[in-house]
Structures are given as C-alpha cells and as structure tokens.
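# Survey of secondary and tertiary structure
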Amino acid sequence: MANMKSLAKDTAIYGLSSIVGRFLNYLLVPLYTYYMPHETGDYGISTNVYAYVALILVILTFGMETSLFRFANDERNKPDTVFSTAMAVVGTLTAVFLLLLFGLITPISNTLGYAAHPDYLLMMGVVVALDALQAIPFSYLRYQKRALRFASLKILFIIFNIGLNVLYFVWLGKTSVFYVFFINLLCTAFVTLFFIPDLFKIQWKFDGKLLRQMFSYSWPILILGIAGILNQVADKILFPLVYPDEEKANILLGDYGSCVKIAMIMAMITMAFRYAYEPIVFAKSKDADKTEYYATAMKYFLIFTLLAYLCVVGWMPLLQYILGSNYREGLGVVPIVMAAEIMMGIYFNLSFWYKLIDKTIYGAWFSLAGCSVLLAVNIIFIPEYGYWACAWGGVAGYGTAMVLSYIVGQKKNPIPYPMKDIAIYVAITGLFFCLMQVANEWHIVAKLAFNTLLILLFVAHIIYHDLPLGNLPVIGKYFRK
C-alpha cells in the first residue's frame, strides 16, 4: 500500500507537470491553427519535422533512460557511475549525429523535401541533440525521486515557449513555421543551462565493464523504442511521401496533426504514469507482492484512461474550438487515435515482465511486429483513405504489440490481471461511446448534458466498485461509516 501511495503521489506531480504542460501547450494549437495560414501547409511541415525529431531522439538516447533505472537500482553499482556511463554513450552519439547533419545537410534536406529550407532541419537537429543530452539528467531526477525539480523544469520550458510564441505570432505577426522551430531552439537551450549545477555535483566515472552490461541491456530497448516511436510518428513521416497529391499533402497532414493534438490527453496520462511507475517497478521487483501490485496498477491505469476517453469524446463539441475552423475536418479521427494511445499505454504496462527478467529482446520483437503492421496499413491505404488510414494504422499496430505481449507474458512471467473487471469497464466505455454518437445530431446543449450524464454514471461505477470515497485522503473521513 505504501508503494501504491508513492505511485499516486508521484503520478500526481508528474501528471501535474505533464498535464499542465500539455494544457499550456494546447494554447499553441489554437495559436498556430488560428494564425498560421492553412493554405501554406506550414502546420503540416511542423508535424512532419517533429515526427523526425521524435524518431531521432529515441536513437540518440539509445535506451539509456531505462538502463539507468535498471543498473542504478543494482546495489553493486554506484548511481553516479551509472549516470556517467549513460551520459558518455548519449554524448558520443549526439556528437556523431551533429557532425553528420551539418556535414551532409544538402543531400539530407533534398531527400526529405526541404531543399529550400535546410535551416529548418539544422535548427531542429540542434534541438534534438540538446533534448537527448537532457534525457539522462531528467531520468536521474526521477531515480532520485526529485519529482518537483523534474516538474518545474518541464513547466519552465513550456511557459517560456508559449511566451515567445505569443510574442512572435500575435504581437510581431511572424506566422511562419520558421519561428516555431527557432523558438523551440531558444527554449531548449535555456532549460539545458539549469542542469549545469547538477552536473558539477556528480562524481564522474566511466566504467567499461558496466558499459558492456548496459549496452547488452539497452540495445533491445533501442529496437523496441524505434519500433515504438515509429508506431507514433511513421504516419506523419510517410504521409507526404505516400499521398498522391504532393501540393495537398502538407495541408492534409496539418489537419490530421492538429486534430491528433486533442487526442494527446491519452499520451499525457500514459507519460505521467510511466514517469512515476517505472522507477517503482524496478525498486519493487524483489517484493513478494509485486505481481498483485502490477495487476492493480494496470487496472487503475485502464480505468482512468477510459474515463479520460469518455470525457474527450463527450465534450468534443467544446474541445473542437481549440482548432481554427479550417483545421476541424479531421476531428472524426480523434476517438480512433485515443483508442490507439490506450493500447500503447496497456502495452507499456505489460512490458515490465520482460524488462524485469532482462529479456528486453521480447519487447523488440513485439514492437517490430506492431510497427510492421502499422507501416503496411499506412503504405497500402493512405493513397486512398488519407489520414483515416493513419488513425486506424495506429490501432492495428498497437493492438498487435499489446496482444503479443500479453499472450507471451502470461506464459513467461504470468501476472493475475483482473480481466473480468477490465472487460466490464471496456464494455461500459464502448456502450457509452455508441450512445454519445447517437446524440451527435442533437442540439449542442442537450448533447453536452447527455454526454456529461454518461460520464457521471461511469464515475459512479468507479466509486461504487473500485474507489470508495471513504478511502480518499482529506474528504474520505466524511464518507466513512
């Protein structure tokens, strides 16, 4: 129970930084979609470039974030030595990446369709390099349970980023995608400065033997990470390359990319849960009740992601105004993309069985299988169905990886997940979603009232069956008998 309370507390802090940060970032979505010209396809360019950034970041960090938790929790290793070794790997990869990017910028920009704007790639190349170098110190903060410092630095970046975007887009009238990338570079460099004092406190020591152990552990995680991030961004990378109308491709990708932002509440919840859950899982790996803990954590993760799903779908008549009117045609993909994000979260929760027994190669195979399905769906169906193929491709890819991980995991390292309870929550969510679709033709007030009633019924089911009010802190005393 103590660990569950710790998980809840840390999830709240990480969730605050993630949710508040993402909420503040949502302010950029209306800013871009209301101010950035739709016909230029600039938002689609932004979506495309950030997809490449996400992929490169996974490669540069090389699975060292998870490796840090694994080996820093090993009593035979000094945490500072683990940190130093991880930083050596990431620093070397980052240096090589920057040398290749700046040395080969012309052929790279020509190949990716940015021959007229190599500056976009150079700016974002430096951004992703700095992000990679920040990743290990951020992970070390999580290992040290310094959630408040972690959260404050994340929110600092968001506030600085939003402030500069408002300055450029609203006051100065600079609405080109160039300024999106330029501002990101400034903000990332600014936050990097705050890690310098912490780095001086580290007892730096490189351990070659430890490096070999970490490399052996992390390379399957790298494959897993590449496949996993491709599941998230392959559609945004492939769309301009596969869609038959080159001139229209960036415009449609902008529509899809902006609508996906609404669906990212699932990614926020998963990210907050991951930041808190990952260190606890490794720390608890020797406890007798670990399997019960993992099963309970999965159940509550799914309960609250399904609640968030219904909230977004039910209040879409209001949430749609986050986007400029020209960008709303793709709103129909939001429930599909959110379903894919829930599957990704479940897959993440399932992934610990092979991480804890040092069989990360399984994760690589599962993710590669899911990625292959996603790529096939996108390549085959984007030419005919556009971004709808992107949305369903995510469901197919994550669904494949999730099912494979569950089936193999229950054989190799079984965990007694409460499948009956989970099935009931999924069934209720499916029923309420269908009822919300029936109400779509109603007046907006009636529709919102009806959808809110369904959400409250879902909350009532949670309280009655799994979260009695008497167990809650502070207010719980008023509901105890």
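Worth saying up front: this structure is predicted, and the values here are computed from it rather than measured. Here, residues in each chain are numbered from 1, in the same order as that chain's written sequence. Note on the predicted model: pLDDT of at least 70 is required for a residue's local features to be given, and 80 or more for side-chain atom pairs to be given and counted; whole-chain, interface and lining totals, by contrast, use all residues. Side-chain measures here rest on the full set of heavy atoms in the structure, leaving out hydrogens and waters.

## Description of the overall build of the protein chain
- In terms of regular secondary structure, the protein chain is built from 21 helices and 0 strands.
- Classification of the 481 residues of the protein chain by burial places 52% in the buried group.
- Sequence separation of at least 24 residues holds for 82% of the intrachain contacts in the protein chain that already meet a minimum separation of 6.
- Accessibility throughout is a Shrake-Rupley quantity obtained with a 1.4 Å probe, and a residue counts as covered only by protein chains that appear here. Here the protein chain has roughly 21900 Å² of accessible surface; of this, 68% comes from carbon and sulfur atoms. Only DSSP runs of H or I with at least four residues qualify as helices, and only runs of E with at least two residues qualify as strands; both kinds are numbered from the N terminus onward. Each residue is assigned to one of three classes by its accessible area relative to the maximum for its type, calculated with a 1.4 Å probe on protein chains only: buried under 20%, partly exposed between the two thresholds, exposed over 50%. In this analysis, two residues are considered to be in contact whenever any of their non-hydrogen atoms come within 4.5 Å of each other.

## Some thoughts on the pattern of salt bridges
- We count a salt bridge whenever a side-chain nitrogen from Lys or Arg sits within 4 Å of a carboxyl oxygen from Asp or Glu. Across all of its chains, the model carries 3 salt bridges by this definition.
- With a shortest N-O distance of 3.3 Å, lysine 236 and aspartate 235 are connected by a salt bridge. Each member of the pair, lysine 236 as well as aspartate 235, carries the same accessibility label: buried.

## So, helix H3 (residues 42–61)
- A helix is expected to span 1.5 Å for every residue after the first. Taking 1.5 Å per residue as the helical rise, H3 with its 20 residues ought to reach 28 Å, and the 29 Å between its terminal C-alpha atoms agrees with that figure.
- Taking burial as the measure, the 20 residues of H3 include 15 buried ones, the bulk of the element.
- After H3 finishes, the residue phenylalanine 62 shows a positive phi value of roughly 55 degrees.

## Overview of the environment of serine 109
- Here serine 109 lies in helix H6 (residues 105–112).
- Judged by its relative accessible area of 2%, serine 109 is buried.
- Between the C-alpha atom of serine 109 and that of aspartate 119, which follows or precedes it by 10 residues, the distance is 9.1 Å.
- If sequence neighbours within four positions are ignored, serine 109 has contacts with Tyr114, Ala115, Pro118 and Leu121.
- A distance of 2.8 Å separates a polar side-chain atom of serine 109 from the backbone oxygen of isoleucine 105. Distance and chemistry together define a polar contact, namely a pair of N or O atoms within 3.5 Å, with one atom able to donate a hydrogen and the other to accept it when in protein, and with adjacent residues in sequence counting only for side-chain atoms on both sides.

## Section: the packing of H3 against helix H7 (residues 118–143)
- Contact geometry of H3 with H7 gives a least axis separation of 9 Å together with a crossing angle of 40 degrees. In this structure, the crossing between H3 and H7 has a hand that is right-handed. Together, Ile45, Val49, Tyr50, Val53, Ile56, Leu57, Leu60 and Thr61 of H3 and Tyr120, Met124, Val128, Ala129, Asp131, Ala132 and Ala135 of H7 make up the contact between the two elements.
- Lys, Arg, Asp and Glu make up the charged group, whereas Ala, Val, Leu, Ile, Met, Phe, Trp, Tyr, Cys and Pro make up the nonpolar group; the residues left over, Gly among them, are polar. Classifying every residue of the contact of H3 with H7 by side-chain character gives 13 nonpolar, 1 polar and 1 charged. For every element, the axis is a line fit to its C-alpha atoms; helices are fit only across the contacting stretch, and the angle between N-to-C directions ranges from 0 to 180 degrees. By the definition used in this description, the sense in which the near helix is turned from the far one sets the handedness, with an anticlockwise turn below a right angle giving left-handed and a clockwise turn giving right-handed.

## So, helix H21 (residues 444–465)
- The end-to-end C-alpha separation of H21 is 32 Å, in line with the 32 Å expected for 22 residues at 1.5 Å each.
- All buried positions along H21 are accounted for by Lys447, Leu448, Asn451, Leu454, Ile455, Phe458, His461 and Ile462. End-on view of H21: buried residues confined to an arc of 140 degrees, all on one side of the axis. In H21, the exposed positions angled more than 90 degrees off the buried face are occupied by Val445, Leu456 and Tyr464. What the arc measures is the spread of directions leading from the helix axis to the C-beta atoms.

## With respect to the packing of helix H20 (residues 419–438) against H21
- Across the interface, H20 lies against H21 with an axial gap of 10 Å and an inter-helix angle of 170 degrees. In terms of orientation, H20 and H21 fall into the roughly antiparallel class. Residues Ile424, Tyr425, Ile428, Thr429, Phe432, Leu435 and Met436 of H20 pack against Phe450, Asn451, Leu454, Ile455, Leu457, Phe458, His461, Ile462 and His465 of H21.
- By residue class, the composition of the contact of H20 with H21 is 12 nonpolar, 4 polar and no charged. Geometric relationships in this document are graded by angle, where less than 35 degrees denotes roughly parallel, more than 145 denotes roughly antiparallel, 65 to 115 denotes roughly perpendicular, and other angles denote oblique.

## A word on the side chain of asparagine 451
- Turning to its location among the elements, asparagine 451 is positioned in helix H21.
- Residue classification places asparagine 451 among the buried positions, given a relative accessible area of 2%.
- Those residues in contact with asparagine 451 that lie beyond four places of it in its chain are Gly314, Met436 and Ala439.

## Observations concerning the environment of leucine 319
- In this fold, leucine 319 is placed in helix H15 (residues 316–319).
- Separated by 57 residues in the primary sequence, leucine 319 and isoleucine 262 have C-alpha atoms spaced 7.7 Å apart.

## A closer look at the environment of asparagine 413
- One can find asparagine 413 in the loop between helix H19 (387–412) and H20.
- By relative accessible area, which is 27% here, asparagine 413 ends up partly exposed.
- In this structure the C-alpha to C-alpha distance between asparagine 413 and threonine 291, which are 122 residues apart in sequence, comes to 9.4 Å.

## Let's talk about the confidence of the model for the protein chain
- Residue-level confidence of the predictor, termed pLDDT, takes values from 0 up to 100. When pLDDT is averaged along the protein chain, the result is 84, and 86% of the positions lie at 70 or above.
- The secondary structure element of the protein chain with the lowest average pLDDT is helix H1 (residues 2–26), at 58, and the one with the highest is helix H9 (residues 177–192), at 95.

## Thoughts on the side chain of lysine 299
- Turning to its location among the elements, lysine 299 is positioned in helix H14 (residues 290–314).
- Residue classification places lysine 299 among the buried residues on the basis of a relative accessible area of 10%.
- A distance of 3.0 Å separates a polar atom in the side chain of lysine 299 from a polar atom in the side chain of aspartate 421.
- In this view, lysine 299 contacts Pro418, Asp421 and Asp466; residues no more than four positions away in its chain are not counted.

## Notes on a nonpolar patch on the surface
- A surface patch of nonpolar side chains, amounting to about 740 Å² of accessible area, comprises Tyr34, Tyr35, Val166, Val170, Trp171, Leu172 and Tyr321.
- At the level of elements, helix H2 (28–35) and helix H8 (147–171) are the ones that each hand at least two residues to the nonpolar patch.
- Sorting elements by how many residues they give to the nonpolar patch places H8 first, with 3 residues.
- With respect to the helices and strands, the residue valine 170 is situated in helix H8. What makes a patch is a set of residues exposed beyond 30% relative accessible area and free of salt bridges, joined within 9 Å when like-charged and within 5 Å when nonpolar (Val, Leu, Ile, Met, Phe, Trp, Tyr).

## Topic: the packing of aromatic side chains
- Paired rings are identified among Phe, Tyr and Trp, the last through its six-membered ring, by centres lying within 6.5 Å, and are further divided according to the angle between planes into stacked (under 30 degrees), edge-to-face (over 60) and tilted (the rest). Enumeration over the complete set of coordinates arrives at 26 aromatic pairs.
- Taken together, a centroid distance of 6.4 Å and an interplanar angle of 70 degrees make the contact between tyrosine 168 and phenylalanine 182 edge-to-face. Of this pair, tyrosine 168 sits in helix H8 while phenylalanine 182 sits in helix H9; the two residues are 14 residues apart in sequence, bridging distant segments of the chain.
- On the basis of relative accessible area, tyrosine 168 is assigned to the buried category, the value being 17%.
- We classify phenylalanine 182 as partly exposed; its relative accessible area is 25%.
- Within the aromatic cluster, the residues linked to one another by ring pairs are Tyr32, Tyr43, Phe169 and Tyr327.

## Describing unusual backbone geometry
- Unlike most non-glycine residues, phenylalanine 62 shows phi in positive territory, near 55 degrees.
- Its location among the elements puts phenylalanine 62 in the loop between H3 and helix H4 (64–72).

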